[in-house]
Amino acid sequence: MFYDMSDINIVDAPPGIEGSGFFATSLDKVIGLARSHSLWPLPFATSCCGIEFMATMGSHYDFGRFGSERLSFSPRQADLLMVMGTIAKKMSPVLKQVYLQMAEPRWVMAVGACASSGGIFDTYSVLQGIDEIIPVDVYVPGCPPRPEAILDGFVKIQELVKNESGRRRNSEQYKQMLASYGID
């Protein structure tokens, strides 16, 4: 089964005024469109979901066609944290540190049942969802999720990035949300 992308138009122009030889729109919309197609994901893979992500990066699914061919293994150069797999409680400070080292704006995608809710590992040593320590923007279900589901989650992140206001990160509501996770 192939992932059908015929219903998604990747290069929609932001709404604006069009004329012969010109196009006018707001700066927020242009920046959102550019950001959404130039995300640098940081894969934080710990188990089987990471293997599915590797399949997603392969030529059959071609993750690069979404503008994210370059994976970043440095949090300071990434703007999308993709957490895949089981996160032990001992690893949670490391995950939070990686998140804090990323520059704003940053987004998080929880891939698979273990990253989203602890999965089948309802034990004392496994974090029951990464949203206990860092905010999550998109959850991808599955154990492990198929590459199509990972691509669908990535498209949802792109929509979120494209439609996000440039001022949202400075809002009081956003600062309160980060404070609820103990992040300044």
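This text gives an overview of the structure that appears in the document. (Residues numbered from 1 in each chain as written. Predicted model: local features only at pLDDT ≥ 70, side-chain atom pairs only at ≥ 80, totals over all residues. Heavy atoms only, no water.)

**So, the overall build of the protein chain**
Turning to step 1, where the next piece is worked out: Helix and strand content of the protein chain: six helices and six strands.
Turning to step 2, where the next piece is worked out: When its helices and strands are written in sequence order, the protein chain yields β-β-α-β-α-β-α-β-α-β-α-α.
Turning to step 3, where the next piece is worked out: Going through the 184 residues of the protein chain one by one, you find that 41% of them count as buried.
Turning to step 4, where the next piece is worked out: Excluding contacts between residues fewer than 6 apart, the proportion of contacts in the protein chain whose partners are at least 24 apart in sequence is 76%.
Turning to step 5, where the next piece is worked out: Total accessible area on the protein chain stands at roughly 10,000 Å², and carbon and sulfur atoms take up 57% of it. (Helix = DSSP H or I, 4+ residues; strand = E, 2+ residues; numbered from the N terminus. Buried < 20%, exposed > 50% of the residue type's maximum accessible area, 1.4 Å probe, protein only. Contact = heavy atoms within 4.5 Å. Areas by Shrake-Rupley, 256 points an atom, 1.4 Å probe, with all protein chains shown as cover.)

**Notes on the packing of helix 1 (residues 27-36) against helix 5 (residues 147-163)**
Turning to step 1, where the next piece is worked out: In the contact formed by helix 1 and helix 5, the axes pass within 7 Å of each other and the chain directions differ by 155 degrees. By the criterion of interaxial angle, the relationship of helix 1 to helix 5 is roughly antiparallel. Where helix 1 crosses over helix 5, the handedness of that crossing is right-handed. Contacts between helix 1 and helix 5 pair Gly 32, Leu 33, Arg 35 and Ser 36 from the former with Gln 158, Val 161 and Lys 162 from the latter.
Turning to step 2, where the next piece is worked out: In the contact of helix 1 with helix 5, the residues fall into two nonpolar, three polar and two charged. (Axes fitted to C-alpha atoms, helices over the stretch in contact; angles between N-to-C directions. Parallel < 35°, antiparallel > 145°, perpendicular 65-115°, else oblique. Left-handed = near helix turned anticlockwise from the far one by under 90°. Nonpolar A, V, L, I, M, F, W, Y, C, P; charged D, E, K, R; others polar.)

**Side note on the packing of aromatic side chains**
Turning to step 1, where the next piece is worked out: Tallying each qualifying case throughout the model produces zero aromatic pairs.
Turning to step 2, where the next piece is worked out: One Lys or Arg, Arg 70, reaches over the ring of Trp 40 and ends 3.9 Å from the middle of that ring.
Turning to step 3, where the next piece is worked out: Sitting above the plane of the Tyr 99 ring, Arg 106 keeps its charged end 4.2 Å from the centroid. (Phe/Tyr/Trp six-rings, centres within 6.5 Å; stacked < 30°, edge-to-face > 60°. Lys NZ or Arg CZ within 6 Å of the ring centre and 35° of its normal.)

**Observations concerning helix 5**
Turning to step 1, where the next piece is worked out: With 17 residues, helix 5 extends 25 Å from end C-alpha to end C-alpha; this agrees with the ideal 24 Å at 1.5 Å per step.
Turning to step 2, where the next piece is worked out: Taken as a whole, helix 5 has its buried residues at Pro 147, Glu 148, Ile 150, Leu 151, Gly 153, Phe 154, Val 155, Ile 157, Gln 158 and Val 161.
Turning to step 3, where the next piece is worked out: As for helix 5, its buried residues are in contact with helix 1, helix 2 (48-57), strand 4 (80-84), strand 5 (107-111) and strand 6 (138-140). (Expected span 1.5 Å × (residues − 1).)

**Here we look at the environment of Leu 71**
Turning to step 1, where the next piece is worked out: With respect to the helices, strands and loops of the structure, Leu 71 is situated in the loop between helix 2 and strand 4.
Turning to step 2, where the next piece is worked out: If near-sequence neighbours (up to four positions away) are discounted, Leu 71 is found in contact with Pro 41, Pro 43, Phe 53 and Met 57.

**Focus: the packing of helix 2 against helix 5**
Turning to step 1, where the next piece is worked out: Contact pair helix 2 / helix 5: the axes reach a minimum separation of 9 Å and the direction vectors enclose 75 degrees. If you check the angle between helix 2 and helix 5, you find them roughly perpendicular. Mapping the contact onto sequence places Glu 52, Phe 53, Ala 55 and Thr 56 in helix 2 and Pro 147, Ile 150 and Leu 151 in helix 5.
Turning to step 2, where the next piece is worked out: Class assignment for the residues of the contact of helix 2 with helix 5 results in five nonpolar, one polar and one charged.

**Considering the pattern of salt bridges**
Turning to step 1, where the next piece is worked out: Tallied over the entire structure, the rule returns three salt bridges.
Turning to step 2, where the next piece is worked out: A salt bridge links Arg 106 to Glu 104, with the nearest nitrogen and oxygen atoms 3.5 Å apart.
Turning to step 3, where the next piece is worked out: When its relative accessible area of 6% is taken as the criterion, Arg 106 is described as buried.
Turning to step 4, where the next piece is worked out: By relative accessible area, Glu 104 is classed as partly exposed at 37%.
Turning to step 5, where the next piece is worked out: Here Arg 146 ties to Glu 148 by a salt bridge, and the two come within 3.2 Å at their closest N and O atoms.
Turning to step 6, where the next piece is worked out: Accessibility expressed as a relative area gives 47% for Arg 146, which makes it partly exposed.
Turning to step 7, where the next piece is worked out: By relative accessible area, which is 11% here, Glu 148 ends up buried. (Salt bridge = Lys/Arg side-chain N within 4 Å of Asp/Glu carboxyl O.)

**Here's the deal with the sheet that holds strand 4**
Turning to step 1, where the next piece is worked out: Ordered in space as 3-4-5-6, the four strands form an open sheet in which the pairing is parallel. The open sheet terminates on both sides in strands that have one partner only, identified here as strand 3 (41-45) and strand 6. Between one strand and the next, the sheet's axes are offset by a mean angle of 20 degrees, whatever the strand orientation.
Turning to step 2, where the next piece is worked out: As judged from the five bridges shared by strand 3 and strand 4, these two strands associate in the parallel manner. Looking across to strand 4, one finds that Pro 41 is bridged to Leu 80.
Turning to step 3, where the next piece is worked out: Here helix 2 sits on the sheet and contacts strand 3, strand 4 and strand 5; the angle it forms with strand 4, its principal contact strand, is near 125 degrees.
Turning to step 4, where the next piece is worked out: The strands touched by helix 5 are strand 4, strand 5 and strand 6; relative to strand 5, the strand with the most contacts, the crossing angle is about 160 degrees. (Pairing = 2+ DSSP bridges.)

That is the geometry; function is a separate question.
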